[in-house]
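This is what each chain is made of:
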Amino acid sequence: MASANKNVMYYVHIAIFLLILFGIGFLPPFAQITPMGMKVLGVFLGVIYGWCFIALDWPSLVALVALAIVGYDSGTNLLMSGWSFSVIPQIVLCFIFAEAISQTQLTDYISNKLLQFK
């Protein structure tokens, strides 16, 4: 029962994420925000919600696609600007290396050895 409730909540969070992502752009602009600014604000708030309640990986990619859909920039320019900063590939390589170490259970071995010390 708890697993089914958790599964339902996951889909509710996805629906709220998509509603925020694309829905805020249809609200009337306020103060000095332009209509395009409202669309970008919706994508920003949606991805923050997605990061908090869903995951970090695929909501980020959906946000890049959403920015292309709302007309902020072309998809190729968004991908180029998102991946051209030199730190991003380094972080991805570090994550791959950390996962490889975790799969070999080297971290478990090291932590067990450290806990056995008096």
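Quick caveat, the model's predicted, so the values are computed rather than measured.

Chemist: How should the overall build of the protein chain be read in this particular structure?
Modeler: What the protein chain contains, in helices and strands, is six helices and zero strands. For the protein chain, the N- to C-terminal ordering of α and β elements is α-α-α-α-α-α. Seen along its three principal axes, the alpha-carbon backbone of the protein chain occupies a region of about 65 × 45 × 25 Å. Pairs at least 24 residues apart make up 48% of the contacts formed inside the protein chain by residues separated by at least 6 positions. Each charge class in the protein chain was averaged separately, 4 positive and 4 negative side chains, and the resulting centres sit 13 Å apart.

Chemist: Looking at this structure, I do not really get a nonpolar patch on the surface. What am I missing?
Modeler: On the surface, Phe44, Leu45, Ile48, Trp51 and Leu56 cluster together to form a nonpolar patch covering roughly 480 Å² of accessible area. Here leucine 45 lies in helix α2 (residues 35-53).

Chemist: Please clarify how the packing of α2 against helix α3 (residues 57-69) should be interpreted in this entry.
Modeler: When two helices pack together, you describe them by how their axes are tilted relative to each other and by the distance separating the axes. At their nearest, the axes of α2 and α3 sit 9 Å apart, and the two run at 170 degrees to each other. One finds that α2 runs roughly antiparallel with respect to α3. Each of Val40, Val43, Val47, Gly50 and Trp51 in α2 lies in contact with α3, whose residues at this interface are Pro59, Ser60, Ala63, Ala66 and Leu67.

Chemist: It is not clear to me how the nonpolar core should be interpreted in this structure. Could you clarify?
Modeler: Side chains of nonpolar character tend, in soluble globular proteins, to be buried together. Among the nonpolar cores identified, the biggest contains 11 residues, and these are Ile14, Phe17, Leu21, Val43, Val47, Tyr49, Ile54, Ala63, Ala66, Leu67 and Leu78. Looking at this core, the elements that each hand over two or more residues are α1 (2-23), α2 and α3.

Chemist: How do you make sense of the environment of glycine 71 when you look at a structure like this?
Modeler: Inspection of the secondary structure puts glycine 71 in the loop between α3 and α4 (75-83). With 51 residues separating them in the primary sequence, glycine 71 and isoleucine 20 have C-alpha atoms 17 Å apart.

Chemist: Before we go on, may I ask you to explain the side chain of histidine 13 in this structure?
Modeler: Along the polypeptide, histidine 13 turns up in helix α1. Leave out the neighbours within four places in its chain, and histidine 13 touches Tyr49, Phe53 and Ile54.

Rules behind the numbers
- Residues numbered from 1 in each chain as written.
- Predicted model: local features only at pLDDT ≥ 70, side-chain atom pairs only at ≥ 80, totals over all residues.
- Heavy atoms only, no water.
- Helix = DSSP H or I, 4+ residues; strand = E, 2+ residues; numbered from the N terminus.
- Contact = heavy atoms within 4.5 Å.
- Lys, Arg positive; Asp, Glu negative; His and termini not counted.
- Charge placed at Lys NZ, Arg CZ, Asp CG, Glu CD.
- Patch = residues over 30% accessible without salt bridge, like charges linked within 9 Å, V, L, I, M, F, W, Y side chains within 5 Å.
- Areas by Shrake-Rupley, 256 points an atom, 1.4 Å probe, with all protein chains shown as cover.
- Salt bridge = Lys/Arg side-chain N within 4 Å of Asp/Glu carboxyl O.
- Axes fitted to C-alpha atoms, helices over the stretch in contact; angles between N-to-C directions.
- Parallel < 35°, antiparallel > 145°, perpendicular 65-115°, else oblique.
- Core = buried A, V, L, I, M, F, W, Y, C linked by side-chain atoms within 4.5 Å.
- Buried < 20%, exposed > 50% of the residue type's maximum accessible area, 1.4 Å probe, protein only.

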